[in-house]
Amino acid sequence: SELAMGKICKVVVCGMKGVGKTAILEQVIYGNINDKSQLHPTIEDIYIANIESDKGTREKLRFYDTAGIEHSQITTANGITNQQLPRHYLILADGYILVYDIGKKNVLVTIIVIANKIKGNEDNDDFNSTLNKATQWCNREKIKHFTATALKRSSLYEPFMYITSKLNPPPSKSSFTPLSMGRKVIKDSS
């Protein structure tokens, strides 16, 4: 496969504004996020990282940190629509990570992979309700769901190792029999 031939896999990190997409990337790649970290809204950024797969190999991934989608409707020539991820991300991506804040209602938009635990939300009813809905949706859609926090780097290892492993499967065994490079001796019958 093309992925096994040294291709850098492209992963789009998406979600609503302010859910912690950049914080998760900064933490898993650089380990420099703490509860005093201040991040500014992202327009668009690209991170390249070597992530270990579950096979113990290090694979290069390119993460596209997207601007957050605002929870609003936009009036277009075709009527009213919800804001969407720009189309060019749909074409280039090998995988997606949707980050959402489990402390907020109605944030489940598309594909869910990582739920970001924002400090202090654990006792919130919305937290449990959103987490339960997300888990049920992921089970129904057969999508792996993780709960992590940008403040605890070790909670991010499993989801990033998982997506790295899924995008870089081990090479399959070939049924092709290699040609022999030995020389054939042809006897002269004269």
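Note that the structure is a prediction, hence the values are computed from the model and not measured.

Notes on the overall build of the protein chain
Broken down by element type, the protein chain carries four helices and eight strands. For the protein chain, the sequential pattern of α-helices and β-strands runs β-α-β-β-β-β-α-β-β-α-β-α. Considering only intrachain contacts with a sequence separation of at least 6, the fraction spanning at least 24 residues in the protein chain is 61%. On the protein chain, roughly 12,700 Å² of surface is accessible, and the fraction owed to carbon and sulfur atoms is 51%.

Considering the pairing of strand S1 (residues 9-15)
By the criterion of burial, S1 is predominantly enclosed, with six of the seven residues buried. Pairing of S1 with strand S3 (residues 58-66) involves five bridges; the strand directions are parallel. By the bridge assignment for S3, Lys10 is matched with Arg62. Where S1 meets strand S6 (residues 95-101), five bridges bridge the pair, whose relative direction is parallel. Along S6, the bridge assignment pairs Val11 with Gly95.

Quick word on helix H4 (residues 154-167)
For H4, which comprises 14 residues, the first-to-last C-alpha distance of 21 Å matches the rise-based estimate of 20 Å (1.5 Å per residue) to within 8%. Within the sequence span of H4, burial applies to Ser155, Leu156, Pro159, Phe160, Ile163, Thr164, Ser165 and Leu167.

Overview of the packing of aromatic side chains
Overall, the coordinates contain four aromatic pairs when judged by the stated rule. Taking NZ or CZ as reference, Lys144 lies 6.0 Å from the ring centre of Tyr162, over its face.

Considerations on the environment of Arg62
Structurally, Arg62 is set in strand S3. Each C-alpha atom of the pair Arg62 and Ile8 lies 6.6 Å from the other, and the pair is 54 residues apart in sequence.

Brief notes about the side chain of Lys21
Here Lys21 lies in helix H1 (residues 21-30). Buried and without a salt bridge, Lys21 has Asp65 as its closest oppositely charged side chain, separated by 5.6 Å. The contacts of Lys21, once residues within four sequence positions are left out, are Val13, Cys14, Gly15, Met16, Asp65, Thr66, Ala67, Gly68 and Val99.

Section: the nonpolar core
Phe63, Ile97 and Phe160 are the most contacted members of the largest nonpolar core, which totals 31 residues. Mapped by element, the contributors of at least two residues to this core are S1, H1, strand S2 (44-52), S3, S6 and H4.

Some details on the pattern of salt bridges
In this structure the tally under the stated criterion is three salt bridges. Arg58 serves as the salt-bridge partner of Glu52, at 3.9 Å between the closest nitrogen and oxygen.

Describing the environment of Leu156
Tracing the backbone shows Leu156 in helix H4. Linking Leu156 and Leu25, residues 131 residues apart in sequence, is a C-alpha distance of 9.1 Å. Dropping the residues within four chain positions of it, Leu156 is found in contact with Ile24, Gln27, Val28, Ala148, Thr149 and Ala150.

Thoughts on the environment of Ala93
Examined against the element boundaries, Ala93 turns out to sit in the loop between helix H2 (87-92) and S6. Once you skip the residues sitting within four places of it in the chain, Ala93 turns out to touch Lys10 and Val12.

With respect to the packing of H1 against H4
Axis separation between H1 and H4 bottoms out at 10 Å; the angle between their running directions is 90°. Between H1 and H4, the angle is such that the two are roughly perpendicular. Contacts from Ile24, Leu25, Gln27 and Val28 of H1 reach H4 at Leu156, Tyr157 and Phe160. Its residues placed into classes, the contact of H1 with H4 shows six nonpolar, one polar and no charged.

What about H1?
Of all the 10 residues making up H1, nine are buried; the element is thus mostly covered by neighbouring parts of the structure. By the burial criterion, the buried members of H1 are Lys21, Thr22, Ala23, Ile24, Leu25, Glu26, Gln27, Val28 and Ile29. Gly31 lies just past H1 and shows a positive phi near 70°.

Calculation notes
Residues numbered from 1 in each chain as written. Predicted model: local features only at pLDDT ≥ 70, side-chain atom pairs only at ≥ 80, totals over all residues. Heavy atoms only, no water. Helix = DSSP H or I, 4+ residues; strand = E, 2+ residues; numbered from the N terminus. Contact = heavy atoms within 4.5 Å. Areas by Shrake-Rupley, 256 points an atom, 1.4 Å probe, with all protein chains shown as cover. Buried < 20%, exposed > 50% of the residue type's maximum accessible area, 1.4 Å probe, protein only. Pairing = 2+ DSSP bridges. Expected span 1.5 Å × (residues − 1). Phe/Tyr/Trp six-rings, centres within 6.5 Å; stacked < 30°, edge-to-face > 60°. Lys NZ or Arg CZ within 6 Å of the ring centre and 35° of its normal. Lys, Arg positive; Asp, Glu negative; His and termini not counted. Salt bridge = Lys/Arg side-chain N within 4 Å of Asp/Glu carboxyl O. Core = buried A, V, L, I, M, F, W, Y, C linked by side-chain atoms within 4.5 Å. Axes fitted to C-alpha atoms, helices over the stretch in contact; angles between N-to-C directions. Parallel < 35°, antiparallel > 145°, perpendicular 65-115°, else oblique. Nonpolar A, V, L, I, M, F, W, Y, C, P; charged D, E, K, R; others polar.

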